[in-house]
Amino acid sequence: MARARSRYQLGLVLFVAAGLLTAHQLGVFQHFHDPKQLARDLVALGPWGYAIFIGAYTVLQPFGVPGTVFIIAAPLIWPWPTAFALSMAGTMAASVVGFSFARFVARDWIASKIPTRFRSYDEALAERGFVTVMTLRFIFWMPPLLHAFFGVSKVPFWTHFWGSAVGYIVPLLATAYFGEKLFAIMSGMSLQNWLVVVLVVAATVLTVWWFRRSRNRARPVDG
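Everything quoted here is computed from the prediction, not taken from an experiment.

K.L.:
Requested: an account of the packing of helix α4 (residues 47-60) against helix α5 (residues 67-77), with residues and values cited.
P.N.:
One way to put it is that α4 packs onto α5 with a least axis distance of 10 Å and a crossing angle of 160°. Put simply, α4 runs roughly antiparallel to α5. In this structure, α4 crosses over α5, and the sense of that crossing is left-handed. The residues of α5 that touch α4, namely those facing F53, A56, Y57 and L60, are G67, F70, I71 and A74. Classifying every residue of the contact of α4 with α5 gives 7 nonpolar, 1 polar and no charged.

What follows is the structure in structure tokens.
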């Protein structure tokens, strides 16, 4: 068992390293500085463009590149059904890599870095693993920290896999379908409209913060 685990760890590390090296050799990192050229290149490559998109998403997102960069870019490059399929494939692959890295390669080190607030979900994962994974993926999507948390938790691999898949469907479908339209609307907004949006968001955040703080103060203290 220990030998098989070591082989899996080595294989995963080599897979990620090979993916990063390939991305570097193909100039993927340089293309991120020129999104329009990247889009043209991916479309021109046809099916190979799909593979490069998914491959870059898989090896870059679990280690710090925001997944939103990929899922927002996809509908600007391809028709929404293709964008949705690619977003789902890349997001699931990245989730599996992040989960597997935390569980099989750097479990002890990553476990020490998980914020305390995430540990409140440990019991829920033990009792209602599928629903908990699905809910957290629906709300938070694919941050690397969430991959890591699931990896060091006791949730089984396949429970994590299918719970994540179901949780991703609605937000990724909405992003793929409305992404291009939303981008067009945002591009045409004036500075005044942007200021209104910022003020509304700020007011909403402050209201929620004030409500939660008031509710916490109103709770009776045990003992």
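K.L.:
Run through the packing of aromatic side chains, naming residues and quoting values.
P.N.:
Inspection of the entire model under this criterion finds 14 aromatic pairs. Summarising the aromatic geometry, the rings of F53 and F70 are spaced 5.7 Å apart at their centres and angled 80° between planes, so their arrangement reads as edge-to-face. Separated by 17 residues along the polypeptide, F53 in helix α4 and F70 in helix α5 bring together distant segments of the chain. Side by side, F53 and F70 carry an identical accessibility label, which is buried. With 5.0 Å between their ring centres and 85° between their planes, F157 and W158 make a pair best called edge-to-face. Residue classification places F157 among the partly exposed residues on the basis of a relative accessible area of 24%. Judged by its relative accessible area of 54%, W158 falls in the exposed class. A connected cluster of aromatic rings, assembled from ring pairs, spans Y50, F53, Y57, F70 and W78.

K.L.:
Residues and numbers for unusual backbone geometry, please.
P.N.:
In this structure, W141 takes a positive phi of about 65° despite not being glycine. Secondary-structure assignment places W141 in the loop between α10 (129-140) and α11 (144-152). Judged by relative accessible area, W141 falls into the partly exposed class, the value being 21%.

K.L.:
Quick rundown of the environment of F99? Include the residues and the values.
P.N.:
Looking at the secondary structure, you find F99 in helix α6 (residues 80-105). C-alpha of F99 to C-alpha of P144: the two residues are 45 residues apart in sequence and 8.8 Å apart in space. If near-sequence neighbours (up to four positions away) are discounted, F99 is found in contact with H147, F150, G151, V155, F157 and H160.

Quick notes on the rules
Residues numbered from 1 in each chain as written. Predicted model: local features only at pLDDT ≥ 70, side-chain atom pairs only at ≥ 80, totals over all residues. Heavy atoms only, no water. Axes fitted to C-alpha atoms, helices over the stretch in contact; angles between N-to-C directions. Helix = DSSP H or I, 4+ residues; strand = E, 2+ residues; numbered from the N terminus. Parallel < 35°, antiparallel > 145°, perpendicular 65-115°, else oblique. Left-handed = near helix turned anticlockwise from the far one by under 90°. Contact = heavy atoms within 4.5 Å. Nonpolar A, V, L, I, M, F, W, Y, C, P; charged D, E, K, R; others polar. Phe/Tyr/Trp six-rings, centres within 6.5 Å; stacked < 30°, edge-to-face > 60°. Buried < 20%, exposed > 50% of the residue type's maximum accessible area, 1.4 Å probe, protein only.

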